[in-house]
Structure formats: structure tokens, C-alpha cells
Amino acid sequence: MRIDLTYKSILKVVFVLVVFWLVYQTLDILAVVFFGIIISSAIAPVVDKLQQEGIPRIAGALLIYLAIIIVLSFIGYLIIPPMITQLAKLSGQLPALLDKYTGLLSLPQDIFSQFSESLRSVPSNIFAWFAGLVGGIGNIFFVFIISFYLSVEDKGIKGFLQTTMSDHRYGY
């Protein structure tokens, strides 16, 4: 049994692999654009309705985004302080709880020493955590910028979806 591989088939495989690699490398950007489109699609009908009522598109979009920011801030205000309090209580009670339940769980002592070692490495990982936090906040910011832009444009999300998903280019 003989298998013949032409240069053309090898180039096709390499091309497909390069395309997959590029998509993987730009996955964060594609996700930001995708979520921006989803949010804009959800907000566009409300902005259209406000425009029909006589409110300019940009003012209507600003009102909606301001309302979203206020609601999310209020939810964060309700959730974050109790969560911090509970985590502080847990961190204070964790050594006593580990001592109390070590015998009941019958776990090897190695697990607790590994856990304490990982807790000691937290300060060295704080920079990576902070960089991830800033990156996440930046991604959220860009999602809102993209969705705001698509919402403010008169045919923003509709035009984008018609351009990318329309069948008018095809003869069927």
C-alpha cells in the first residue's frame, strides 16, 4: 500500500493549521467582539424605542448604559462586603477547622503541608492576579465600548449583522 502526498495537500494541511493557530491566538479579541455584539443586540431595541419617543440615540444609549452600570454597582455593593467578611472569618477559623477535621477526614498530612505552601506563595502570585484583574476589567470595558458603538449607530447592529450574515450576495 503506497500513500502519495502532494505538495498541494501538505500546503492545505499547513494552511488549516495556521488558520486554527491564528484563531486561537485571537480568541480573546473574538470573544470581546462577540459579547459586544450580544449586548448591543439586547440593547438596540430599547434604544430604537427611545429614539421613536424623541430621545436622540446617543442619549438613549447613554441612559441605558448608565442604568446598567448603576444596577451592577448596586449588586456589587450588596455582594462584595459580605463576601469579604465571610472570607476573613474563614481565613481566621481555617487553622482550627483543619486541626479539628484532620482526623475525621483521614487525609495524609502532605495535603495540608502542600496547601500551606501554596498559601505562602500567594504574595509572589499577587502580580499575576493583579494583571489578570486589570486585563479582565479592560475586556469588560472594551465589550461595553463595542456594544455602545453598535447601539449608537443608526443601523449599527442591524448593518453589521446584515453585512456578515446576509444571503443577498448569493444567487439563491
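Residues numbered from 1 in each chain as written. Predicted model: local features only at pLDDT ≥ 70, side-chain atom pairs only at ≥ 80, totals over all residues. Heavy atoms only, no water.

## A word on the overall build of the chain
A tally of regular secondary structure across the chain gives 6 helices and 0 strands. Of the regular secondary structure in the chain, the N- to C-terminal order runs α-α-α-α-α-α. For the chain, the exposed area adds up to about 13900 Å²; of that, 74% sits on carbon and sulfur atoms. (Helix = DSSP H or I, 4+ residues; strand = E, 2+ residues; numbered from the N terminus. Areas by Shrake-Rupley, 256 points an atom, 1.4 Å probe, with all protein chains shown as cover.)

## Re the nonpolar core
Core analysis: the largest hydrophobic core is formed by 5 residues, namely I43, V47, A61, I64 and Y65. Looking at this core, the elements that each hand over two or more residues are α2 (27–52) and α3 (57–105). Residue contacts for Y65: discarding those within four places in its chain leaves I39, I43, F144, S147, F148 and S151. (Core = buried A, V, L, I, M, F, W, Y, C linked by side-chain atoms within 4.5 Å. Buried < 20%, exposed > 50% of the residue type's maximum accessible area, 1.4 Å probe, protein only. Contact = heavy atoms within 4.5 Å.)

## Here we look at the packing of aromatic side chains
All told, the structure shown has 4 aromatic pairs when counted by the stated rule. Judged by centre distance (5.8 Å) and plane angle (85 degrees), the ring pair of Y65 and F144 falls under edge-to-face. Taken together, the positions of Y65 in helix α3 and F144 in helix α5 (residues 122–152) put the pair 79 residues apart, joining distant regions of the chain. Under the relative-accessibility criterion, Y65 is labelled buried at 6%. Relative accessible area serves as the criterion here: at 23%, F144 is assigned to the partly exposed category. When the ring of Y65 is compared with that of F148, the centres are 5.6 Å apart and the planes differ by 70 degrees; the resulting orientation is edge-to-face. Of this pair, Y65 sits in helix α3 while F148 is found in helix α5, placing the two residues 83 residues apart along the sequence. Through successive ring pairs, a cluster of aromatic residues spans Y65, F144 and F148. (Phe/Tyr/Trp six-rings, centres within 6.5 Å; stacked < 30°, edge-to-face > 60°.)

## Some words on the side chain of R57
Tracing the backbone shows R57 in helix α3. Within the structure, R57 has its side chain in polar contact with the side chain of Q51 (distance 2.8 Å). Here the side chain of R57 touches V152 through a polar contact of 3.2 Å, landing on its backbone oxygen. In contact with R57, other than residues within four places in its own chain, are V47, D48, Q51, S151, V152, E153 and D154. (Polar contact = N/O pair within 3.5 Å; in protein donor to acceptor, adjacent residues only side chain to side chain.)

## Some thoughts on helix α1 (residues 7–25)
Over its 19 residues, α1 extends 27 Å from the first C-alpha to the last, a length consistent with the 27 Å expected when each residue adds 1.5 Å. Where burial is concerned, little of α1 is hidden: 0 out of the 19 residues are buried. (Expected span 1.5 Å × (residues − 1).)

## Comments concerning the side chain of S151
Within the secondary structure, S151 is located in helix α5. In contact with S151, not counting residues within four places along its chain, are S40, I43, V47, R57 and Y65.

## Re the packing of α2 against helix α6 (residues 156–165)
At a minimum axis separation of 9 Å, α2 and α6 run at an interaxial angle of 130 degrees. Compared by their axis directions, α2 and α6 come out oblique. In this structure, α2 uses I37, S40, S41, A44 and D48 to contact α6, whose residues at the interface are I157, K158, F160 and L161. Its residues assigned to classes, the contact of α2 with α6 shows 5 nonpolar, 2 polar and 2 charged. (Axes fitted to C-alpha atoms, helices over the stretch in contact; angles between N-to-C directions. Parallel < 35°, antiparallel > 145°, perpendicular 65-115°, else oblique. Nonpolar A, V, L, I, M, F, W, Y, C, P; charged D, E, K, R; others polar.)

## Side note on α6
Looking at α6, one finds that the buried residues are G156, I157 and G159. End-on view of α6: buried residues confined to an arc of 165 degrees, all on one side of the axis. In α6, the exposed residues that point more than 90 degrees away from the buried face are Q162 and M165. (Arc of directions from axis to C-beta.)

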